[in-house]
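# Structure assessment
Read off the chains here:
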Amino acid sequence: MRHVYECPMRRADLHPGGMVNNVVYVDYLQEARLDLLRHHGSSPQPRPGEGLVVVRTVIDHLSPLRLSQAPLFVATWVTEVRAASFTLGYEIYTRPEDVPEPLVHARASTVLTPFVFAEGRPRRLAPEERDRLTTGVEPSPIDDARGPRPAAWGPEGSERRSVHVRFSDVDILGHVNNVKYVDFVQDAQTAFMLGVFVEAAVDGHVDLVVAHTELDYLGQMDLRADPYDVWTRVAAVGTTSVTFDVEIRDRERVMARGRIVAVNLDPERNHPLPVLPHHREIFEQRRQAALAE
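Everything quoted here is computed from the prediction, not taken from an experiment. Within any chain, residue numbers begin from 1 and follow the written order of that chain's sequence. Since the coordinates come from a predicted model, pLDDT governs what is reported: local features require at least 70, and pairs of side-chain atoms require 80 or more to be given and counted, while whole-chain, interface and lining totals use all residues. Each side-chain value is derived from all of the structure's non-hydrogen atoms; neither hydrogens nor water enter the calculation.

A few words now on the overall build of the protein. If you tally the helices and strands in the protein, you get four helices and twelve strands. For a compact globule the rule gives 2.2 Å times the number of residues to the power 0.38, and the radius of gyration it is set against comes from C-alpha atoms. Its C-alpha atoms give the protein a radius of gyration of 20 Å, within 12% of the compact-globule value 19 Å for 293 residues. Considering only C-alpha atoms, the protein reaches an extent of 60 × 55 × 35 Å along its principal axes. Burial statistics for the protein: of 293 residues in total, 48% are counted as buried. In what follows, a contact means two residues having at least one pair of non-hydrogen atoms within 4.5 Å. The contacts of the protein with a sequence gap of at least 6 include a subset with a gap of at least 24, amounting to 71%. Put simply, DSSP marks the helices as runs of H or I at least four residues long and the strands as runs of E at least two long, and each gets a number from the N terminus on. Think of it in three bands: residues with accessible area under 20% of the maximum for their type are buried, residues over 50% are exposed, and the middle band is partly exposed, with areas taken using a 1.4 Å probe on protein chains only.

Rendered as structure tokens:
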């Protein structure tokens with residue numbers, strides 16, 4: 001059964017172009033998830049010393065979202081229940097007055113697991129938890145076909161960007177909030193992309209926007225003085241899109257691993273445009289350099 005949450009929007013959610021920043025969508029998922037738990041009398045901390053931890057997030061961005069389109073709604077439902085985890089599906093949408101059907105801005109899924117922090121491990125779902133979750137299971141709104149795990153990769157063709165955790169990045173469980181992981185990797189991906197644009201120095205329409213993000217959470221980041229490193233490389237170059245591999249690392253340990261697809265978009269028609277030839281050439285050079293390592 002779907003739970004619908006009317007999600008408040010803030011001016012701080014907008015990027016300079018006037019649209020909601022793509023990272024904020026992940027925050028909306030989190031707010032809808034917490035509202036779902038409250039609705040069912042559950043808690044983000046199922047038992048003392050435990051918490052519900054996000055282990056994977058996937059989001060497809062379908063249509064730009066502006067503050068003027070409020071109210072915003074997030075539908076949430078269970079799509080899969082496994083021994084020690086469950087998956088939620090989401091649709092983020094508005095209801096324009098001149099359109100008979102809701103306008104879907106994004107579809108997403110998150111995998112969550114109850115985690116025992118003292119033992120540093122997930123635990124199996126209790127029978128009563130499984131019974132509650134399996135009521136009204138529906139199909140996933142996205143195709144989350146995971147590709148093969150990439151081999152370890154180093155500096156050739158990639159960029160490293162250091163990130164310091166701020167006090168405001170930490171959640172009630174004492175660890176870096178799952179939304180901030182997405183913020184860290186997309187900030188690094190944007191810096192990588194802008195570096196290519198500066199190197200190319202050509203005229204033409206460039207509006208590479210994030211169309212797809214997937215991230216696996218592999219370790220708990222904490223508030224500390226030393227920075228973490230975010231590594232970015234080009235995984236694929238298409239006619240209208242560029243795909244990036246991203247990793248957050250604590251020295252040799254990978255804390256998160258993911259993939260971001262950016263599409264060159266015509267903002268007037270919301271339609272993909274070909275990536276400029278010189279940009280494609282440099283992105284392809286970076287991709288080849290990473291493969292040759």
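What follows is about the pattern of salt bridges. What counts as a salt bridge is simple: a side-chain nitrogen of Lys or Arg found within 4 Å of a carboxyl oxygen of Asp or Glu. On inspection of all chains with the given rule, the structure shows 22 salt bridges. Here E138 and R2 are joined by a salt bridge, their closest N and O atoms 2.9 Å apart. On the criterion of sequence distance, the pair formed by E138 in the loop between α2 (127-133) and β7 (158-163) and R2 in the segment before β1 (3-7) is long-range, its members being 136 residues apart. Under the relative-accessibility criterion, R2 is labelled partly exposed at 37%.

Before going further, it helps to spend a moment on helix α4 (residues 277-292). Helix span, expected: 1.5 Å multiplied by one less than the number of residues in the helix. With 16 residues, α4 extends 22 Å from end C-alpha to end C-alpha; this agrees with the ideal 22 Å at 1.5 Å per step. Those residues of α4 that sit buried are H279, I282, F283, R286, R287 and A290. Projection of α4 onto a plane perpendicular to its axis shows the buried side chains occupying an angular sector of 140°, all on one side. For α4, the exposed residues lying more than 90 degrees away from the buried face are P277, L291 and A292. Along its buried surface, α4 packs onto β7, α3 (178-200), β8 (208-217), β9 (228-237) and β10 (241-250). Within this analysis, the arc is defined by the directions that extend from the helix axis to the C-beta atoms.

This next bit is on the side chain of R287. Within the secondary structure layout, R287 lies in helix α4. Definition of a polar contact: a pair of N or O atoms within 3.5 Å, with one able to donate and the other able to accept a hydrogen when the atoms are protein atoms, and with sequence-neighbouring residues admitted only if both atoms are side-chain atoms. Side-chain polar atoms of R287 contact the side chain of E284, separated by 2.7 Å. Aside from chain neighbours lying at most four places away, what touches R287 is V234, A235, A236 and V237.

We now examine the nonpolar core. Across soluble globular proteins, nonpolar side chains show a tendency to be buried alongside one another. To define a nonpolar core, start from buried Ala, Val, Leu, Ile, Met, Phe, Trp, Tyr and Cys residues and group those joined through side-chain atoms within 4.5 Å. In this structure, Y28, F86, I92, Y181, M221 and I248 are the most contacted members of the largest nonpolar core, which totals 50 residues. Dropping the residues within four chain positions of it, Y28 is found in contact with C7, P8, M9, D13, V20, L65, L72, V74 and I92. Judged by nonpolar contacts, the second largest core, of 13 residues, contains V196, V237, V242 and F244.

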